[in-house]
Amino acid sequence: MGKRKEKISSDIAWSTSDKISVRGLDLPNEILGHMNLGDLAFLQLTGRKATPEESRVFNAIVITLVEHGITPSALAARMTYMGAPESLQAAVAAGLCGLGTVFVGSMEGASKMLYEALPPEKLGTGVDLDALAVDTVEKFRARKMIVPGLGHPVHKPVDPRTPRLFQIAAENDKFGEYIELIQKIQAVAEEKSGKMLPINATGAIGAICCEFGFPWKIVRGFGVMARAIGLVGHILEESENPISYELWQRAEQEILETSGPGAK
């Protein structure tokens, strides 16, 4: 066991019988009616209010991640709700459990990759970004690993979210060497693989999070908080216009047709 703390402490929030304080601000009087959800998330994470420019970029990041159709996470949430409609929170949790290195969570991998290639202390020192891009891609190729933040099964040759995110970042003073580096990494990866590998939304967000200086280990959390909102929407629709039962029955029928008795 580690050494016992003298006192347990937290700088995030506290409450008494008549007051609630969040990051030093009075919740009813300084936050409610004054902040949107994205700005509160920024305050919670950083301990300070976002500037107007930071607010626009950060809100764009989290809004991007709220919804992307009938994805595996949405299906998991809907299927869980079908089996346990009394537990909405379990359905949301089921959908969030799949946010990993393939879906949504790849933004963490992208930001980690960029920080490892270009540590924050080397920003503005004239580092050769072209050389860093080549070195980064070669390392992933040598390990036979996918470069995080590149490629998309649907959006080709461009993920339509990416140029808009970069535009918003540029308009609000958040377009720097990390965005430049991931663009160069994308160009090198495409050249060496011969494949179409657009910077996807999570790659763009990973780079922008580096421009903010967010620790890479928390970046996946932005996807978690955003996608939870989207999953609640899917669960509401599932309760009013269910598709999970039909999907289940169709899967069962097709498996019988291809693998059951009398299958061709």
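That block above? That's the structure.
Residues numbered from 1 in each chain as written. Predicted model: local features only at pLDDT ≥ 70, side-chain atom pairs only at ≥ 80, totals over all residues. Heavy atoms only, no water.

Caption draft 1: Inspection of the pattern of salt bridges at higher detail. By the definition in use, this model includes 12 salt bridges. Between Glu238 and Arg78 there is a salt bridge; the shortest N-O distance is 2.7 Å. Of this pair, Glu238 sits in helix H11 (residues 216-240) while Arg78 sits in helix H4 (residues 72-83), and the two are 160 residues apart along the sequence. Summarising the burial analysis for this pair, Glu238 and Arg78 share the class buried. With a shortest N-O distance of 2.9 Å, Glu138 and Lys192 are connected by a salt bridge. Taken together, the residues Glu138 in helix H7 (residues 129-142) and Lys192 in helix H9 (residues 177-193) connect sequence positions 54 residues apart. Judged by its relative accessible area of 35%, Lys192 falls in the partly exposed class. Ionic contacts of the salt-bridge type, sharing partners, join the residues Arg78, Glu237 and Glu238 into one network. (Salt bridge = Lys/Arg side-chain N within 4 Å of Asp/Glu carboxyl O. Helix = DSSP H or I, 4+ residues; strand = E, 2+ residues; numbered from the N terminus. Buried < 20%, exposed > 50% of the residue type's maximum accessible area, 1.4 Å probe, protein only.)

Caption draft 2: A look at the nonpolar core. By size, the foremost hydrophobic cluster in this structure holds 47 residues, and its most contacted members are Leu114, Ile185 and Ile208. With residues up to four places along the chain from it excluded, the contact list for Leu114 reads Tyr178, Leu181, Ile182, Ile185, Gly206, Ala207 and Cys210. Core analysis: the next-biggest nonpolar cluster, separate from the first, contains 8 residues, Ala77, Tyr81, Ala91 and Ile235 among them. (Core = buried A, V, L, I, M, F, W, Y, C linked by side-chain atoms within 4.5 Å. Contact = heavy atoms within 4.5 Å.)

Caption draft 3: Spatial organisation of unusual backbone geometry. Here the residue pair Lys156 and Pro157 is connected by a cis peptide bond, since its omega of 0 degrees sits within 30 degrees of zero. Turning to its location among the elements, Pro157 is positioned in the loop between H7 and helix H8 (161-171). Even without glycine at this site, Asp173 takes up a positive phi of about 60 degrees. You can see Asp173 is positioned in the loop between H8 and H9.

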